[in-house]
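Given next are the chains, with one letter for each unit.
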Amino acid sequence: MEMQSFKTFINELGDISGEYIAKNFGRNLSIDYKQDSSPVTEVDKNTEEILRLAIEKKFPHHGIIGEEFGNKNPDAEFVWVIDPIDGTKSFISGVPLFGTLVGLTHNGKPVLGLINQPILKERIVGDCRECLFNGKPVKTSTRTSPEGMTILSSDYRYCSYYHNAKNWRNLEEKALIARTWGDCYGYMLLCRGLAHVMVDAILEVWDATALIPALEGAGASYSDWHGLNNIGNVDGLVASCTAELHNKVISILNTPETD
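Being a predicted model, the structure only gives us computed values, none of them experimental.

## Quick look at the packing of helix α1 (residues 3-24) against helix α2 (residues 42-58)
Running from N to C, α1 and α2 cross one another at 155 degrees; their axes reach a closest spacing of 10 Å. Between α1 and α2, the angle falls in the class roughly antiparallel. Crossing of α1 over α2 shows right-handed handedness. Residue-level contacts link F9, L13, I16, S17, Y20, I21 and N24 of α1 to E42, V43, N46, T47, I50, L51, A54, I55 and K58 of α2. Along the lines of polarity and charge, the residues of the contact of α1 with α2 split into 10 nonpolar, 4 polar and 2 charged.

If you want it as structure tokens, here you go:
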């Protein structure tokens, strides 16, 4: 596996998708809503088409999984996983806390991930061994205590709705800073050492695949909501800057109910 050539290509994908998205950011776009009530625009769809065409031209035998247009050869040795705009709610609101996610799996294992924020011109590329922010290596914070932490989430309402609301509030109360600087941008902040915990109550494969190589490369500890590896759907994703902090966060989130 020629990782360097894949890294070069994934940066090219960030360039071409970012140029298109930046031209359309802030426009008054027509918005449709999917069955789960999440918004989607023509920019989401066109961005995925741009990425899929580039991948098919460069690697015609690779598989593709995309949020908007489904799967092509998903059991291939190499599969590219695309979320064209992760954080469409931010995008349509003119808030630059969204990004394009492109992940690459090898025999089902995420090995390379891109998080690209084209408006702020911020980019992370991770390969499980290192994490680069705008081309320079970054690492997570060394914080080990939840007291005084910065905790981020894409939507706090989901944390209470899909999981134990009391435990979530107990965790949130330990934070000095609790914000919805979420979606993929929250994981970018975590990888850069600027946040300590990032949680998502629900997550799909096109959300998670690009994140995992970046988190591993930056030294983050992560699991599903219950401390296991069943990441996706209502099992969500909990990522922390250190293993010690992660264990404490998972313990708080899963404290048994008492009468």
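Having seen it, we continue.
## Some words on the nonpolar core
Judged by nonpolar contacts, the single largest core of 47 residues is most densely connected at W168 and L215. If we ignore the near neighbours within four places in the chain, the residues touching L215 are Y187, L190, C191, A220, Y222, L237 and A239.

## Topic: the pattern of salt bridges
In the structure shown here, the tally under the stated rule is 13 salt bridges. In this structure, the salt-bridge partner of K34 is E68, at a minimum N-O distance of 3.2 Å. Of the two residues, K34 is situated in the loop between β1 (31-33) and β2 (39-41) and E68 in the loop between β3 (63-66) and β4 (70-72); the sequence distance between them amounts to 34 residues. Since its relative accessible area comes to 26%, K34 is described here as partly exposed. Given a relative accessible area of 18%, E68 falls into the buried group. Across the pair R52 and E48 runs a salt bridge whose closest N-O atoms are separated by 2.9 Å. Pair noted here: R52 and E48 are both in helix α2, with a separation of 4 residues, about one helical turn. Take E48: its relative accessible area is 0%, and that puts it in the buried class. Through salt bridges with shared partners, one network takes in K7, D127, R129 and E130.

About the criteria used
Residues numbered from 1 in each chain as written. Predicted model: local features only at pLDDT ≥ 70, side-chain atom pairs only at ≥ 80, totals over all residues. Heavy atoms only, no water. Axes fitted to C-alpha atoms, helices over the stretch in contact; angles between N-to-C directions. Helix = DSSP H or I, 4+ residues; strand = E, 2+ residues; numbered from the N terminus. Parallel < 35°, antiparallel > 145°, perpendicular 65-115°, else oblique. Left-handed = near helix turned anticlockwise from the far one by under 90°. Contact = heavy atoms within 4.5 Å. Nonpolar A, V, L, I, M, F, W, Y, C, P; charged D, E, K, R; others polar. Core = buried A, V, L, I, M, F, W, Y, C linked by side-chain atoms within 4.5 Å. Buried < 20%, exposed > 50% of the residue type's maximum accessible area, 1.4 Å probe, protein only. Salt bridge = Lys/Arg side-chain N within 4 Å of Asp/Glu carboxyl O.

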